[in-house]
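# Results of the structural survey
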Amino acid sequence: MTEEMIIAGFGGQGVLSMGKILAYSGIMQDQEVSWMPSYGPEMRGGTANVTVIVSDERISSPILTHYDTAILLNQQSMDKFEKSVKPGGVLLYDPNGILHHPTRTDIKIYTIEGAKLASQMGNPNIFNMIVFGAFLKIKPIVKLENVIRGLKKSLPERHHKLIPLNEDAISMGMNNVVEK
Amino acid sequence: MSEVKLMKGNEAVAEAAILAGVDAYFGYPITPQSEVIEYLMVERPEDRTGMVVLQAESEIAAINMVYGAAGTGKRVMTSSSSPGVSLKQEGISYIAGSELPCVIVNVVRGGPGLGTIQPSQADYFQSTKGGGHGDYRLLVLAPASVQEMADFVDLAFDLAFKYRNPVMILSDGVIGQMMEKITLPAQKPRLSNEEIIERYGDWATTGKPSTRERNIITSLELDPYRQETHNHKLQAKYKKMEENEVRFEAINCEDADYVIVAYGSSARISQKTMQLARAKGHKVGLFRLISLFPFPKNELNKLADTVKGFLAVEMSAGQMIEDVRLAVNGKKPAEHYGRFGGVVHSPEEVLIALEQKIIGG
């Protein structure tokens, strides 16, 4: 199994963290992982993206141009990466703020109302975990228990009390992903 | 500490420095290597091993602090990215001339000038052929993974002390910024002052006892004949490095018709190209340079007997290709491919270049 993906959106949406949690989850189940961020002048409000590879085998290039999955969380990322999804691949996006929706017919397209659900849950910070939950429903490449183990490992002890909230967010995403 | 971790290349260098028993780090932040000093500041190695970490007022100050501390026989390191390493060149030349051990990490970004903060491999000439003035060489190691970013720190120090020569770890923005799985080595203790005197007392300025002449560290010699003799000594040392310290990894080269020569992140990208090419039925191998100086010229020359052509892949307008051509010495075609100025080539772009320039040509 090799999953090559890109997660892209605005800085501050938790794009890089989502990728990091996925990579940690992969490590928890003994897989090879790579996490390659864009590191330009990205900051809150700018664009940010990260390429994540999870594989059973040694990973060659951390730099890719085509992806099995693209998680696209703003219009700029949609414009840039819709065409980069491999035929038969997956595009997951939050329709909030998207004016030009994806049009490809040779890929599977899913939506998750991440921003809306996060605000309903009263915490905009868990947006990325809702989207991550939606992804795990579509592609259960890492087990939920390993995600939790990954979270424990990557979060400082003082933040461990937030893990149940993250679990709820993941379930929320899993239960609300819609195939278009 | 055999626990598996997820770390950035820059963080791995920093943690590996603590674990390698490094005595001091002097640096100055610059993208894309700032995580080295950030990690060290957060980790507070002075509490763990007594290692000194200091943010100097400039890159020039940092390299001169390295120069001074290295003179005392301590394990000293600095790191920067391209424009910062250019500033360090005067100090590096002095350190090489004075024959002092130290480790310099360069997480290369696009140039020339202030350039861009994106990854590049355009500092090959600077690293392998001087950079500063005078006839000197650095031993240059090129990590291609986060694991090697860590592993090469201790190796670099061992080589630096073996040859009393500065060693450069030549990385780039990709390897520095990416996170991968890593297994860290065990903590090496820092040497005590007594151990340093015992091992390096014949050259280091550890305080003059009555039992020996004073040790003088200088790169200045006004008598040209004596300076020529000193240069002969340096050249003999560099020759020894060429004989003993060549490092490379040959992947699928035994049956290869075509070989990609690359180092660092370009080697990782080219490994995927090799897989894509093999899936199309082309017998392609990858010759990954680990030491850039010394350059594995004999091994490449030998490979030229069995392959039909070489493609040198590097994120520069063509630097390493010159050494590849010197090694191959006209036996077989050797062409260059690379995006540059901060643009990273994709495995597919390299495959197209391979097909157009080598396989088709």
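Just so we're clear, the structure is a prediction, and the values are computed from it rather than from any experiment. (Residues numbered from 1 in each chain as written. Chains lettered and ligands numbered in written order. Predicted model: local features only at pLDDT ≥ 70, side-chain atom pairs only at ≥ 80, totals over all residues. Heavy atoms only, no water.)

### Describing the overall build of chain A
For clarity, the threshold we go by: For the purposes of this entry, the term helix denotes a DSSP run of H or I that reaches at least four residues, the term strand denotes a run of E that reaches at least two, and both are numbered from the N terminus. Computation of the radius of gyration draws on C-alpha atoms, with the globule rule given as 2.2 Å multiplied by the number of residues to the power 0.38. Three labels apply to residues, based on accessible area from a 1.4 Å probe with only protein chains included: buried if under 20% of the type maximum, exposed if over 50%, partly exposed otherwise in between. Throughout, a contact is declared for two residues whenever any of their heavy atoms are within 4.5 Å. A 1.4 Å probe and the Shrake-Rupley method give the accessible areas. Residues count as covered only by the protein chains that appear here.
Within chain A, the regular secondary structure consists of six helices and seven strands. Here the C-alpha atoms of chain A give a radius of gyration of 15 Å, agreeing with the 16 Å that 2.2 N^0.38 yields for 180 residues. Projected onto its principal axes, the C-alpha positions of chain A cover 40 × 40 × 35 Å. Here chain A holds 180 residues, and 58% of them are scored as buried. A separation of at least 24 residues holds for 58% of the contacts in chain A among residues at least 6 apart in sequence. Carbon and sulfur atoms provide 52% of the accessible area of chain A, an area that totals close to 8000 Å².

### Here we look at the nonpolar core
The nonpolar side chains of a soluble globular protein tend to be buried with one another. Residue and element names in this part refer to chain B. To be explicit about the condition: By nonpolar core we mean a set of buried residues, namely Ala, Val, Leu, Ile, Met, Phe, Trp, Tyr and Cys, connected to one another through side-chain atoms within 4.5 Å.
Met-77 and Phe-310 are the most contacted members of the largest nonpolar core, which has 121 residues in total. For this core, the element with the highest residue contribution is helix α8 (residues 146-163), accounting for eleven residues. Leave out the neighbours within four places in its chain, and Phe-310 touches Val-259, Val-261, Leu-300, Leu-303, Ala-304, Val-328, Lys-332, Pro-333, Ala-334, Glu-335 and Ile-358.

### Topic: the domain arrangement of chain B
Interface size, as often reported, equals the accessible area lost upon joining of the parts. Residue and element names in this part refer to chain B. Heads up, the rule is: Each domain's extent is set by a domain assignment, obtained either automatically or from a database. When two parts are brought into contact, each loses some accessible area as probed by a 1.4 Å sphere; the total of that loss over both is the buried area. Salt bridges are defined as contacts in which a side-chain nitrogen from Lys or Arg sits within 4 Å of a carboxyl oxygen from Asp or Glu. Here a polar contact is recorded for every N or O atom pair within 3.5 Å, except that within protein the pair must consist of a potential hydrogen donor and a potential acceptor, and residues adjacent in sequence are included only if both atoms are side-chain atoms. Three categories are distinguished: nonpolar for Ala, Val, Leu, Ile, Met, Phe, Trp, Tyr, Cys and Pro, charged for Asp, Glu, Lys and Arg, and polar for the others, with Gly belonging to the last.
Taken domain by domain, chain B comprises domain 1 (4-183) and domain 2 (248-359). Measuring from the centre of the C-alpha atoms in domain 1 to the corresponding centre in domain 2 gives 26 Å. Interface of domain 1 and domain 2: buried area, both sides summed, is about 2100 Å²; carbon and sulfur atoms make up 55% of it. Broken down residue by residue, the surface that domain 1 buries against domain 2 is led by Gln-121, Tyr-124 and Phe-125, which jointly contribute 33%. At the surface where domain 1 touches domain 2, the tally comes to three salt bridges. Where domain 1 packs against domain 2, one counts 15 residue pairs in polar contact (both at pLDDT 80 or more). Only α7 (124-128), β6 (139-141), α8, β7 (166-172) and α9 (173-177) provide two or more residues apiece to the side of domain 1 that touches domain 2. Class assignment of the residues belonging to the side of domain 1 that touches domain 2 gives a composition of 16 nonpolar, eight polar and six charged.

### Some words on the packing of aromatic side chains
Residues and elements named next belong to chain B. For the record, the criterion: Working definition: rings of Phe, Tyr and Trp (its six-membered ring) pair if their centres are within 6.5 Å, and the pair is stacked with planes under 30 degrees apart, edge-to-face with planes over 60 apart, and tilted otherwise.
Summed over all chains, the structure comprises seven aromatic pairs over all chains. Between Phe-161 and Tyr-200, the aromatic rings sit 4.7 Å apart at their centres with planes inclined by 35°, giving tilted as the arrangement. Placement of the pair is Phe-161 in helix α8 and Tyr-200 in helix α10 (residues 193-200), with a sequence separation of 39 residues. Measuring from ring centre to ring centre gives 5.7 Å for Tyr-200 and Trp-203, while their planes differ by 45°; the resulting arrangement is tilted. In this structure Tyr-200 comes out as buried when scored by relative accessible area, which is 13%.

### A look at the sheet that holds strand β1 (residues 4-8) of chain B
Quick reminder of the rule: Note: two strands are recorded as paired if DSSP finds a minimum of 2 bridges between them.
Read from one edge to the other, the open sheet built from nine strands follows the order β7(A)-β6(A)-β5(A)-β4(A)-β1(A)-β3(A)-β2(A)-β8(B)-β1(B), with strand pairing classed as mixed. Since the sheet does not close on itself, it has two edges, and those belong to β7 (178-179) of chain A together with β1 of chain B, each with one partner. As defined by bridge partners, strand β1 (residues 2-10) of chain A adjoins strand β4 (residues 67-72) of chain A across four bridges and the pair is classed as parallel. From the neighbouring strand, Ile-6 of chain A faces β4 of chain A, where its bridge partner is Ala-70 of chain A.

### Considerations on the side chain of Ser-270 of chain B
Note on placement: Ser-270 of chain B falls in helix α12 (residues 264-279). Excluding residues within four positions of it along the chain, Ser-270 of chain B makes contact with Ile-260, Ala-262, Leu-286, Val-313 and Val-350 of chain B.

### Re the packing of helix α1 (residues 15-28) of chain A against helix α5 (residues 144-154) of chain A
All names here are of chain A. Here is the rule we go by: For every element, the axis is a line fit to its C-alpha atoms; helices are fit only across the contacting stretch, and the angle between N-to-C directions ranges from 0 to 180 degrees. Comment on the angle field: the value is read as roughly parallel under 35 degrees, roughly antiparallel over 145, roughly perpendicular from 65 to 115, and oblique elsewhere. Handedness of each helix crossing follows the sense of rotation of the near helix against the far helix: counterclockwise by less than a right angle gives left-handed, clockwise gives right-handed.
Running from N to C, α1 and α5 cross one another at 110°; their axes reach a closest spacing of 8 Å. Considering their axes alone, α1 and α5 lie roughly perpendicular with respect to each other. Taken as a pair, α1 and α5 cross one another with a handedness that is right-handed. Contacts between α1 and α5 pair Ile-21, Tyr-24, Ser-25 and Met-28 from the former with Asn-146, Val-147, Arg-149, Gly-150, Leu-151, Lys-153 and Ser-154 from the latter.

### Points about the interface of chain A and chain B
Counting from both sides, the interface comprises 25 residues of chain A and, opposite them, 28 residues of chain B. Measuring nitrogen to oxygen at the nearest pair gives 2.6 Å for the salt bridge that ties Lys-272 of chain B to Glu-4 of chain A. Where chain A touches chain B, the interface holds nine residue pairs in polar contact (both at pLDDT 80 or more). Within the residue set of the side of chain A that touches chain B, elements represented by two or more residues are α1 and β2 (32-37) of chain A. The leading source of residues in the side of chain A that touches chain B is β2 of chain A, at six residues. With two bridges connecting them, β2 of chain A and strand β8 (residues 179-183) of chain B associate as antiparallel partners. Bridge pairing in β8 of chain B places Ser-34 of chain A opposite Glu-180 of chain B.

### Some words on the side chain of Gln-126 of chain B
All names here are of chain B. Mapped onto the elements, Gln-126 comes out in helix α7. At 3.2 Å, the side chain of Gln-126 forms a polar contact with the side chain of Ser-86. Those residues within four positions of Gln-126 in sequence are excluded, and the remaining contacts are Val-85, Ser-86, Gln-89, Asn-106 and Gly-131.

### Considerations on the sheet that holds β6 of chain B
All names here are of chain B. Taken together, seven strands build an open sheet; the order of strands is β3-β2-β4-β5-β7-β6-β12 and the sheet is mixed. Looking at the sheet topology across the chains shown, the edges are occupied by β3 (52-55) and β12 (291-293). Here the strands of the sheet are splayed against their neighbours by 20° on average, with no regard to which way each runs. Direction of pairing for strand β2 (residues 24-27) relative to strand β4 (residues 76-80): parallel, over a ladder of two bridges. Its bridge partner being in β4, Tyr-25 is matched across the sheet by Met-77.

### What to know about the pairing of β1 of chain A
All names here are of chain A. Burial analysis of β1 places seven of its nine residues in the buried class, the great majority of the element. Judged from the nine bridges that link them, β1 and strand β3 (residues 47-55) form a sheet pairing that is antiparallel. Bridging from a neighbouring strand, Gly-9 pairs with Ala-48 of β3.

### What about helix α4 (residues 127-138) of chain A?
Residues and elements named next belong to chain A. The cut-off we apply is this: Here the expected span of a helix is defined as 1.5 Å times the quantity of residues minus one.
Its twelve residues give α4 an end-to-end C-alpha distance of 17 Å, which sits within 8% of 16 Å, the value for a rise of 1.5 Å per residue. With eleven of its twelve residues buried, α4 lies for the most part within the structure. Every buried residue of α4 is listed here: Phe-127, Asn-128, Met-129, Ile-130, Val-131, Phe-132, Gly-133, Ala-134, Phe-135, Leu-136 and Ile-138.

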